[in-house]
Amino acid sequence: MTQKFADTDTPDAGAVGSATELDALIIGAGVAGLYQLYQLRKQGLHVRAYDAATDVGGTWYWNRYPGARFDSEAYIYQYMFSEELYKGWSWSKRFPAQPEIEQWLHYVADTLDLRKDIQFSTVIESAHYDEDSGRWSVRTGDGEIIDTQFLVTCAGMLSAPMERVFEGQESFAGDIFHTSRWPRSGGEVAGKRVAVIGIGATGIQVIQTIADEVDHLKVFIRTPQYTLPMLNPDYGPDEVAWYHSRFEELRDTVPHTFSGFEYDWVHEWATTPADKRQAILEEVYADGSLKLWLAGFGEMFFEKEVSDEISAFVADKMRARLQDPALCDLLIPKPDEYGFGTHRVPLERGYLEKYHRPNVEAIGVKDNPIARIVPEGIELADGTRHEVDVIILATGFDAGTGALTRIDIRGRGGRSLAQDWGREIRSTMGLMVHGYPNMLTTAIPLAPSAALCNMTTCLQQQTEWISDCIDHMRRNDYTIIEPTAEGEEAWVRHHDETANATLVSKTNSWYNGANVPGKPRGRVLSYIGGVGLYREKATEAAAAGYTGFGFE
Ligand code: NAP
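Read on for an overview of the structure. Each chain carries its own residue numbering, running from 1 in the written order of its sequence. Local features are withheld for residues below a pLDDT of 70 in this predicted model, meaning they are given only at 70 or higher, and side-chain atom pairs are given and counted only at 80 or more; totals for whole chains, interfaces and linings count all residues. Just so you know, side-chain values use all the structure's heavy atoms and leave hydrogens and water out.

**Some details on the packing of aromatic side chains**
Selection rule: Here a Phe, Tyr or Trp ring, Trp counted by its six-membered ring, pairs with any other such ring whose centre lies within 6.5 Å, and the pair is stacked when the planes are under 30 degrees apart, edge-to-face when over 60, and tilted otherwise. Numbering of helices and strands runs from the N terminus, with a helix taken as a DSSP run of H or I at least four residues long and a strand as a DSSP run of E at least two residues long. A 1.4 Å probe rolled over the protein chains alone gives each residue an accessible area, and that area as a share of the maximum for its type sets the label: buried under 20%, exposed over 50%, partly exposed in between.
Enumeration according to the criterion identifies 38 aromatic pairs in this entry. Ring geometry for Trp60 against Tyr77: centres 6.2 Å apart, planes inclined by 85°, an arrangement best described as edge-to-face. Residue Trp60 is located in helix H2 (residues 59–62), and its partner Tyr77 is located in the loop between H2 and helix H3 (83–87); the two are separated by 17 residues in the primary sequence. Taking relative accessible area as the criterion, Trp60 reaches 9% and is therefore assigned buried. Pairing Trp269 with Phe297 gives two aromatic rings, centres 4.9 Å apart and planes at 90°, and the pair type is edge-to-face.

Put into structure tokens, the structure is as follows:
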């Protein structure tokens, strides 16, 4: 089936800047926002997307730090609604780097002719719901007021950076870059003395990329991290033809797997003999992808003994590469620290070996934390100073909530989303929040987005659900939708039961808000029932007349 794009104009899709009244306002022009805009415009809505960036891309616009790349296979990190769009693009690698990903999103925006309905360089400062009109009044940083029936948030799960982390940052004499605010030009580190703080998926990509070119690299390590090696072959015409030929198969299977990847759980620890288990672990490890995490043994997430054995397997692989006991001590999680896969697993290429270079220094800051930034560099609690020219903050994000709590969002009765989520983070299937009528959401907590999910899979499903919901309302002459308090409570309970049965709930990371001072903890942010199951539940709720939601 091919898809024609020419029929996507609506009569009133006017020039940027002219509209003050919309049917739907979309916050964000990344993976979700682009597709949401395409769908709602096709449905005939007067819709516009707003983005703080100067161009499309979302995550792939902002995260242009050295080494940024996919760790989902490129051929599944795709829009699957159109065979023509899918086959019109060819990837150069299994896991391409940020520049190519950004170009692909430009290709999507151009092919679907989306830019004319996107207002760039525009920050959404506030969005207030008016109960009398049942509409949202949205204010931009430039003072423009937009009146809209639907507020659709496509602002990203990992888009509010933890940029101001240390006392004294403003005193630093050199450059400080947060990885997701890397300058579009400049940002040079070659030949300099550089510090990287953080060894999450981002820090690892930075470290392995810049280690060879900097004069000296100091890596500040608080919590050790399990890592898996990435295999990243080039793709020529044969590989492209191979994955293009799989379009229908991938479209029909990927959205129904546990993680929104092409692979799924096929092995069971309990019924597999010990020698066979080892062979399976070796096989999924050798795949050079996230398969060991997302298609190894699912019992790993529930049973401590299985988690311990698989964690030991990964730790042994890391130890064999690191060799030096001091490096092993700093970089490999201890058996009782936390289990492999209970927070985000990064893929790396030659990362561990970079610590063997004479210009790379691993500095443990668990027992001797970073106290402050000083003009010359970084000062630790014991007074030790590390002098550097550049500090790279790979310190992560206020995940799931930060993108929206940094906007002044007010729902019914003037209630503030920042205050509501400051007390307890709740949502109905990650698609709406009780108290905020006609605010439809993607990539917020209590849906699978980001944690155990290939993002494009989850975001396509959520935006399609939102488009279907709006279509349902228009066909039935409803103007307002809001989740009921009971509906939300039922989802929150189901979410917690699912999450609390896993070992993920026992590990501190951005998965449960532990990385942000003052953020409510104790609730795993992402739904862990699986992408396929979540999809079924969301589809069933809609088919049953939007169970858990009320219309006016
Ligand atoms: P992250 O996983 O939250 O890691 C932040 C790092 O900063 C951790 O090592 C953390 O240490 C450290 N840190 C924070 N504050 C610190 C402090 N005061 N002192 C010392 N260390 C400190 O953030 P991220 O690496 O940016 O990754 C976030 C998510 O983005 C990933 O989990 C992934 O979902 C996504 N991502 C995806 C890709 C991709 O390949 N597609 C690439 C990059 C990122 P502690 O662990 O001790 O807190």
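**Things to note about the layout of surface pockets**
Rolled over the atoms, a probe sized like a water molecule indicates the empty space that remains. Note the cut-off: Using protein atoms alone on a 1 Å grid, points that fit a 1.4 Å probe yet trap it form a cavity, whereas open point sets bounded by protein on both sides within 12 Å along at least five of seven lines form a pocket; residues with an atom within 4 Å of a point count as lining. Grid points are joined across faces, edges and corners, and a volume is the space filled by probe spheres set on the points. Each residue is assigned to one class: nonpolar for Ala, Val, Leu, Ile, Met, Phe, Trp, Tyr, Cys and Pro, charged for Asp, Glu, Lys and Arg, and polar for all the others, Gly among them.
One number sums up the size of the second largest pocket: a volume of about 210 Å³. What lines the second largest pocket is Thr428, Met429, Gly487, Ala490, Trp491, His494, Lys537, Glu540, Ala541, Thr547 and Gly548. Secondary-structure elements contributing two or more residues to the lining of the second largest pocket are helix H16 (485–500) and helix H17 (531–543). If one sorts the elements of the lining of the second largest pocket by residue count, H16 sits on top with four residues. The residue inventory of the lining of the second largest pocket, partitioned by class, reads four nonpolar, five polar and two charged.

**Comments concerning the state of the cysteines**
To be explicit about the condition: Cysteine sulfur atoms that pair up within 2.5 Å are treated as a disulfide.
With the rule as written, the count across this model stands at one disulfide. The residue that forms a disulfide with Cys453 is Cys458, at a sulfur-sulfur distance of 1.6 Å. Across the S-S bond of Cys453 and Cys458 the torsion is about 125°, and the bridge reads as right-handed. Here Cys154 is not disulfide-linked; the sulfur of Cys458 is the nearest cysteine sulfur, at 14 Å. Relative accessible area serves as the criterion here: at 7%, Cys154 is assigned to the buried category.

**Considering the sheet that holds strand S13 (residues 370–374)**
So the rule is basically this: Between any two strands, at least two bridges found by DSSP are needed for them to pair. Interaxial angle, 0 to 180 degrees, is taken between N-to-C directions of lines fitted to C-alpha atoms, where a helix line uses only the stretch in contact.
If you walk across this open sheet you meet the three strands as S13-S14-S15, and the pairing is antiparallel. Whereas interior strands pair on both sides, the edge strands pair on one side only; in this sheet they are S13 and strand S15 (385–387). Neighbour-to-neighbour, the strand axes of the sheet open up by a mean angle of 20°, direction not taken into account.

**What to know about the site of the ligand**
The cut-off we apply is this: The nearness test applies per residue and asks whether one of its heavy atoms lies within 4 Å of the molecule or strand. Whenever a nitrogen or oxygen atom comes within 3.5 Å of another N or O atom, the pair is scored as a polar contact, on the condition that within protein one atom can donate a hydrogen and the other can accept it, and that pairs from neighbouring residues in sequence are kept only if both atoms are in side chains. Note on areas: Shrake-Rupley with a 1.4 Å probe; residue coverage comes only from the protein chains shown.
Surrounding the ligand, one finds 22 residues, the nearest of these being Arg69, Thr202, Arg222, Thr223 and Trp510. The side chain of Trp510 places a nitrogen or oxygen atom 2.8 Å from an oxygen atom of the ligand. In the complex, the protein chains occlude 83% of the 920 Å² of accessible area that the ligand would expose alone. Here the shell around the ligand takes three residues from helix H5 (residues 201–210), the largest share from any one element. Here the shell around the ligand is built from residues that sort into 11 nonpolar, seven polar and four charged.

**Digging into the sheet that holds strand S12 (residues 360–364)**
Spatial strand order, S7-S16-S8-S9-S12: five strands in an open sheet with parallel pairing. Two strands bound the open sheet, and with one partner strand each, they are strand S7 (175–178) and S12. Averaged over all pairs of adjacent strands, the angle between strand axes in this sheet comes to 20°, irrespective of strand direction. Pairing of strand S8 (residues 193–197) with strand S16 (residues 390–393) involves four bridges; the strand directions are parallel. Pairing of Val196 across the sheet is with Ile392, part of S16.

**Focus on the pairing of strand S1 (residues 21–27)**
Burial of S1 is extensive: five of the seven residues sit out of reach of the surface. Sheet analysis places S1 next to strand S6 (residues 145–153), joined by six bridges and oriented parallel. Across the sheet, residue Leu25 finds its bridge partner in S6, namely Leu151. With four bridges joining them, S1 and strand S2 (residues 47–50) adopt parallel strand pairing. Residue pairing in the sheet places Ile27 in a bridge with Tyr50 of S2.

**Overview of the environment of Glu213**
Put simply, the rule is: What makes two residues a contact is simply this: any of their non-hydrogen atoms within 4.5 Å.
Along the chain, the position of Glu213 falls in the loop between H5 and strand S9 (216–221). Placed 21 residues apart in sequence, Glu213 and Lys192 show a C-alpha to C-alpha distance of 8.5 Å. For Glu213, the residues in contact, after removing those within four places along its chain, are Val189, Ala190 and Gly191.

**Describing the packing of helix H8 (residues 274–286) against helix H10 (residues 304–322)**
To keep it simple, the criterion reads: Should an angle fall under 35 degrees it is called roughly parallel, over 145 degrees roughly antiparallel, and 65 to 115 degrees roughly perpendicular, with every other angle called oblique. Should the near helix be turned counterclockwise from the far one by less than a right angle, the crossing is left-handed, whereas a clockwise turn marks it as right-handed.
Contact geometry for H8 and H10: axes closest at 12 Å, N-to-C directions at 55°. Viewed along their axes, H8 and H10 adopt a mutual orientation that is oblique. Note that H8 runs across H10; the crossing there is right-handed. Facing Gln278, Leu281, Glu282 and Tyr285 of H8, the residues of H10 in contact are Ile310, Phe313 and Lys317. Considering only residue class, the contact of H8 with H10 consists of four nonpolar, one polar and two charged.

**Observations concerning the pairing of S2**
Selection rule: Handedness of a crossover is defined as follows: orient the strands so they point away from the viewer, and if the path from the first strand over the helix to the second runs clockwise, the crossover is right-handed.
The side-chain alternation of S2 yields two buried faces, one formed by Val47 and Ala49 and the other by Arg48 and Tyr50. Read from S1 through helix H1 (residues 31–42) to S2, the crossover connection turns out right-handed.

**Let's talk about the pattern of salt bridges**
The condition that has to hold: One speaks of a salt bridge when a side-chain nitrogen belonging to Lys or Arg is within 4 Å of a carboxyl oxygen belonging to Asp or Glu.
Following the criterion strictly, the structure yields 45 salt bridges and no others. Here Glu83 makes a salt bridge to Lys87, at a shortest N to O gap of 2.7 Å. With Glu83 and Lys87 both in helix H3 and four residues apart, the pair spans about one turn of that helix. According to the relative accessible area criterion, Glu83 is buried, its value standing at 15%. The residue Arg372 makes a salt bridge to Glu379 at a minimum N-O spacing of 2.6 Å. Classification of Glu379 by relative accessible area gives buried; the value is 11%. Here the residues in one salt-bridge network are Glu424, Arg426, Glu488, Glu489, Arg493, Asp496 and Arg523, joined through shared partners.

Fair warning: the whole summary comes from geometry, so function is off the table for now.
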